[in-house]
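Survey of secondary and tertiary structure
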Amino acid sequence: MPDHAFELSFDDASERAIVDQWLALKAAGIPSQADHRSMTNAPHLTLAAATPIPATLIEPAVSLIGPLLPTRIQLRGLILLGNGPRVTVAHLVEPTPALAAATLELRALVPGLRHPVWMPHLTLARRVPRRLLPAALEVLAATPTVETLSADRLRWWDPDADVVDDIAIG
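Residues numbered from 1 in each chain as written. Predicted model: local features only at pLDDT ≥ 70, side-chain atom pairs only at ≥ 80, totals over all residues. Heavy atoms only, no water.

Counting its regular elements, the chain contains four helices and seven strands. In the chain, the succession of helices and strands from N to C terminus is β-α-β-α-β-β-α-β-α-β-β. Its C-alpha atoms give the chain a radius of gyration of 16 Å, within 12% of the compact-globule value 15 Å for 170 residues. The buried share of the chain, reckoned over its 170 residues, is 44%. If you take every contact in the chain between residues at least 6 apart in sequence, the share linking residues at least 24 apart comes to 79%. For the chain, the computed accessible surface area is about 8500 Å², with 57% contributed by carbon and sulfur atoms. Counting 14 positive and 18 negative side-chain charges, the chain places the averaged centre of each group 10 Å from the other. (Helix = DSSP H or I, 4+ residues; strand = E, 2+ residues; numbered from the N terminus. Rg over C-alpha atoms; globule rule 2.2 N^0.38 Å. Buried < 20%, exposed > 50% of the residue type's maximum accessible area, 1.4 Å probe, protein only. Contact = heavy atoms within 4.5 Å. Areas by Shrake-Rupley, 256 points an atom, 1.4 Å probe, with all protein chains shown as cover. Lys, Arg positive; Asp, Glu negative; His and termini not counted. Charge placed at Lys NZ, Arg CZ, Asp CG, Glu CD.)

On their own, these measurements won't tell you what the molecule is for.
Right, dumping it as structure tokens:
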């Protein structure tokens with residue numbers, strides 16, 4: 001059963017900067033998020049994921065996160081997640097102190113969090129074979145990006161109901 005999630009989505013310029021990195025990786029023959037064509041696949045910052053997240057938490061999520069939108073998200077370098085033969089390549093991101101505090105409040109309301117500790121990141125590529133990491137890093141170093149993204153929407157994803165909705169827009 002897939003996770004439900006509260007996620008932040010980005011303004012057009014921020015989204016384009018990330019999608020350009022996805023496309024550059026794909027053009028170089030490296031797995032990237034550009035390979036995924038589902039309706040939910042867009043650059044995002046997951047605030048909370050669990051199976052399920054009760055719909056009753058939508059209103060508290062909007063109350064906590066909505067007033068902070070739009071908010072700035074700082075890119076702080078690349079990280080590798082996973083310890084197997086394939087890893088996830090992501091941007092480590094730093095939210096504002098207000099967003100970090102509100103996210104922790106929201107997460108405290110969500111039962112059965114997929115990851116009990118929040119490690120804010122923005123995924124660029126999943127399941128990258130370790131042998132391709134040097135090439136992936138070269139591609140990303142050569143692809144222009146921004147240092148600051150603007151998150152302007154809080155998104156609710158309920159895969160059981162096939163719902164992806166913007167529930168707060170800043």
